[in-house]
Amino acid sequence: MRPKVLLSGITGYIGSHLYKVLSGEMAVTAMSKYPEESLWTQGDIFNLEDVERAMEGIDFAVYFLDPTKRSSKTTEAKFSDLNAIAADNYARAAEKNQIKEIIYIAGATEDEETLKILRHYKTPVKVTTSKIRRKGIMAQDQTSKQDDVRVLVRYKLPQSWTLERFVTHYFNYYNDIVPKISNVEHQNGAYHLQACSNDLIILTQLTDVTNNDRQLFEISAGTLVKQSCDNKGRLEFRRLIDTNEVIVGINDYVPSMPKWFYQFCQSPFHQVTMHVFDVEMRIQAFNEEKTRGVVKSYTKD
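Only a predicted model underlies this, so the values are computations on that prediction, with no experimental measurement involved.

1. Here we look at empty space enclosed by the protein
In step 1: Going through the model one piece at a time under the given rule, you end up with two cavities of 30 Å³ or more.
In step 2: Roughly 40 Å³ of internal volume is contained in the largest cavity.
In step 3: Lining of the largest cavity is provided by Ile85, Leu152, Glu236, Ile247, Gly249 and Asn251.
In step 4: Among the residues forming the lining of the largest cavity, the class breakdown is three nonpolar, two polar and one charged.
In step 5: What lines the second largest cavity is simply Val151, Val153, Tyr155, Tyr170, Val248, Ile250, His270 and Met274.
In step 6: Ranked by residue count, the leading element in the lining of the second largest cavity is strand β8 (residues 149-156), at three residues.
In step 7: Grouping the constituent residues of the lining of the second largest cavity by class yields seven nonpolar, one polar and no charged.

Okay, here's the thing in structure tokens:
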């Protein structure tokens, strides 16, 4: 019986050629957010639960993230952050499904961090000796079956902070974005992000609040959310293993407003608030180090 192999990054130029080569000797299952063939399985590599399902019954998993493909209509993220989340999902899912080996296609500018993440978990990782040189190229708008948005931002935490404390601080921060206008209500496990008491976005918690490396919220309702049965919008907080870094990701979010409104109003406002929050977190980390007697100048890096 031919070994069963899962391949990611199938829709790109390099991934499609890998698929043709591997299919000659192995039973290849290709994971794609939008499957094009019967042998492909539906799954978003940025969604942990999708990757776990895709790896059921698989012997080997080939990790390759196409540097030019984003799978969402609009992507606002660095490739290094996209890659970190995808690698963490792959390694977690491989460990859960007892995959025999992860095969990593070397040659990306993010090889060092990717291998650190993959090797943190129990599944053995084999790196190809032949390298496919590639560098993440930002292509904000892509072909997609829906007008969804993906946003990823990486933050540094103070050393003593748990993920739970960061999430609480994150939502409290929204209370002060626009004084006397913005507000956050926490009701029955859901956060209501409001403006003038109107629910803009409602986030329903899906994971245990005490989970110290991953917390997940469904973007379930609100005036800025397009409602549909296929909508799986979510907000995720992922702490990268053995670091004090957290990636906050908005995935599969479909805005209710026209695209021009999102591009010229909603997105710029969100980017500004996240930049200010990044400064806030750096100041928090600086002040904590200062109380421990660590003396250094405050810089962005």
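2. Structural notes on the packing of helix α3 (residues 79-96) against helix α4 (residues 111-120)
Helix-helix packing is characterised by the crossing angle of the two axes and by the distance between the axes.
In step 1: At a minimum axis separation of 8 Å, α3 and α4 run at an interaxial angle of 20°. As judged from the angle between their axes, α3 and α4 are roughly parallel. Note on packing geometry: the crossing formed by α3 with α4 is right-handed. Contacts between α3 and α4 pair Ser80, Asn83, Ala84, Ala87, Asp88, Tyr90 and Ala91 from the former with Glu113, Thr114, Ile117 and Leu118 from the latter.
In step 2: Its residues assigned to classes, the contact of α3 with α4 comprises six nonpolar, three polar and two charged.

3. Focus on the sheet that holds strand β13 (residues 234-239)
In step 1: One open sheet holds the eight strands; their spatial order is β5-β8-β14-β13-β12-β11-β10-β9, and the pairing between them is mixed. Here the strands that pair on one side only, and so sit at the sheet edges, are β5 (74-76) and β9 (182-187). Taking each pair of neighbouring strands and ignoring which way they run, the sheet shows an average axis angle of 20°.
In step 2: The pairing of strand β12 (residues 214-221) with β13 spans five bridges and is classified as antiparallel. For Phe217, the partnering residue across the bridge sits in β13 and is Leu235.
In step 3: Contacting β5, β8, β13 and β14 (245-253), α3 crosses the sheet at an angle of about 90° to β8.

Conventions and cut-offs
- Residues numbered from 1 in each chain as written.
- Predicted model: local features only at pLDDT ≥ 70, side-chain atom pairs only at ≥ 80, totals over all residues.
- Heavy atoms only, no water.
- 1 Å grid on protein atoms, 1.4 Å probe; cavity = no way out; pocket = protein on both sides within 12 Å on 5 of 7 lines; lining within 4 Å.
- Points joined across faces, edges and corners; volume = space filled by probe spheres on them.
- Nonpolar A, V, L, I, M, F, W, Y, C, P; charged D, E, K, R; others polar.
- Helix = DSSP H or I, 4+ residues; strand = E, 2+ residues; numbered from the N terminus.
- Axes fitted to C-alpha atoms, helices over the stretch in contact; angles between N-to-C directions.
- Parallel < 35°, antiparallel > 145°, perpendicular 65-115°, else oblique.
- Left-handed = near helix turned anticlockwise from the far one by under 90°.
- Contact = heavy atoms within 4.5 Å.
- Pairing = 2+ DSSP bridges.

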